[in-house]
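Listed below are the residues making up each chain.
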Amino acid sequence: MTNLILIFAAQILLFYAVASVGDELGRTMNGKHLGPYKKEKLTHLRVYWHNSVNGRNPSSVMIQQPVLNSSLFGSITMMDDPLTFDVPRNATVVGQAQGMYVAAAQGEIGFLMVMNFAFTTGKYNGSTITILGRNVVMSKVREMPVVGGSGIFRFARGYVEACTKSFDLKAGVVNLHIHFCSHFNK
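Being a predicted model, the structure only gives us computed values, none of them experimental. (Residues numbered from 1 in each chain as written. Predicted model: local features only at pLDDT ≥ 70, side-chain atom pairs only at ≥ 80, totals over all residues. Heavy atoms only, no water.)

## Remarks on the overall build of the chain
Along its length, the chain carries 1 helix and 9 strands. Ordering the α and β elements of the chain from the N terminus gives α-β-β-β-β-β-β-β-β-β. Across the 186 residues of the chain, 34% fall into the buried class. Summarising the internal contacts of the chain: among those between residues at least 6 apart in sequence, 47% fall at separations of at least 24. (Helix = DSSP H or I, 4+ residues; strand = E, 2+ residues; numbered from the N terminus. Buried < 20%, exposed > 50% of the residue type's maximum accessible area, 1.4 Å probe, protein only. Contact = heavy atoms within 4.5 Å.)

Structural data, given as structure tokens:
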């Protein structure tokens, strides 16, 4: 009986706490609380994303097989792909493209991309750019939205444009040229 009374009392307190918040859930932030991120900047980055599905150390691994043998639809692939500021795969790695891509289209090779560009060197070290969008592989240029970021890219919004730079079917290596344009507060 004591437990029921305690549970009932906790529910009343929770209801009171939620009810007392009222319109506070949607209030506007005071600009002075944003600290050094008050002024918006525009950043353009060019990175090369190196995806490898074969070999001794693949950077992408399929964790869910396709629903049908005749298409990729339904497959899920996790990735931890190197990012460089130069074209060659052996160029200096400046970060990782970490996340997953899900084959979400039945009539074409189209992926839902969910990933962070996690930078590990230079002035962007420790910062991330979060991308969530559609990647239709056979399109010359694919545009995906930037939905956020952290560190120097806090409050980021913008887009990335992906173009296939090279593709080696036998080796299972795809190199993408990613042009990133973002507004963020700094």
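## Examining the pairing of strand β8 (residues 157-168)
Side-chain positions along a regular strand alternate between the two faces of the sheet. Bridge count for strand β7 (residues 142-150) against β8 is 5 bridges, and the pairing is antiparallel. Among the inter-strand pairings, E143 is bridged to a residue of β8, identified as E161. The loop that links β7 with its antiparallel partner β8 comprises 6 residues; one of these, G151, has a positive phi angle of about 65°. (Pairing = 2+ DSSP bridges.)

## Looking at a nonpolar patch on the surface
Together, M62, L72, I109 and M138 make up an exposed nonpolar region whose accessible area comes to about 370 Å². Mapped onto the elements, L72 comes out in the loop between β2 (60-64) and β3 (76-84). Classification of L72 as partly exposed rests on a relative accessible area of 35%. (Patch = residues over 30% accessible without salt bridge, like charges linked within 9 Å, V, L, I, M, F, W, Y side chains within 5 Å. Areas by Shrake-Rupley, 256 points an atom, 1.4 Å probe, with all protein chains shown as cover. Salt bridge = Lys/Arg side-chain N within 4 Å of Asp/Glu carboxyl O.)

## As for the pairing of β7
Inspection of the sheet shows strand β6 (residues 128-136) paired to β7 by 4 bridges, in the antiparallel sense. Pairing of T128 across the sheet is with S150, part of β7. Adjacent in sequence and paired antiparallel, β6 and β7 are bridged by 5 residues.

## Quick notes on the pattern of salt bridges
On inspection of all chains with the given rule, the structure shows 1 salt bridge. Here R134 makes a salt bridge to E108, at a shortest N to O gap of 2.4 Å. Here E108 lies in the loop between β4 (93-103) and β5 (110-119) and R134 lies in strand β6, a separation of 26 residues in the sequence.

## Overview of the nonpolar core
Counting 24 residues, the largest nonpolar core has M113, M115, F117, F119, I129, I131 and F153 as its most contacted members. In terms of residue count, the dominant contributor to this core is β5 (5 residues). (Core = buried A, V, L, I, M, F, W, Y, C linked by side-chain atoms within 4.5 Å.)

## Some details on the confidence of the model for the chain
Averaged over the chain, the pLDDT score is 77; the fraction of residues at 70 or greater is 69%. Note that pLDDT drops below 50 for residues 6-27; the model gives that stretch 0 contacts with residues more than four away or on any other chain. (pLDDT = per-residue confidence, 0-100.)

## Points about the packing of aromatic side chains
Evaluation of the coordinates by the stated rule reveals 5 aromatic pairs. With centroids separated by 6.0 Å and ring planes inclined at 45°, the aromatic side chains of F119 and F153 adopt a geometry described as tilted. A residue pair is termed long-range when its members are at least 10 positions apart, and F119 in strand β5 and F153 in the loop between β7 and β8 qualify at 34 residues. According to the relative accessible area criterion, F119 is buried, its value standing at 3%. On the basis of relative accessibility, which here comes to 0%, the residue F153 falls in the buried class. For the pair Y124 and F153, a centre-to-centre distance of 5.3 Å together with 20° between the ring planes defines the contact as stacked. With Y124 in the loop between β5 and β6 and F153 in the loop between β7 and β8, the pair connects residues that are 29 residues apart, well separated along the chain. In this pair, the class of Y124 matches that of F153, namely buried. (Phe/Tyr/Trp six-rings, centres within 6.5 Å; stacked < 30°, edge-to-face > 60°.)

## Quick notes on unusual backbone geometry
In this structure, F155 is a non-glycine residue whose phi angle is positive, near 65°. By secondary structure assignment, the location of F155 is in the loop between β7 and β8.

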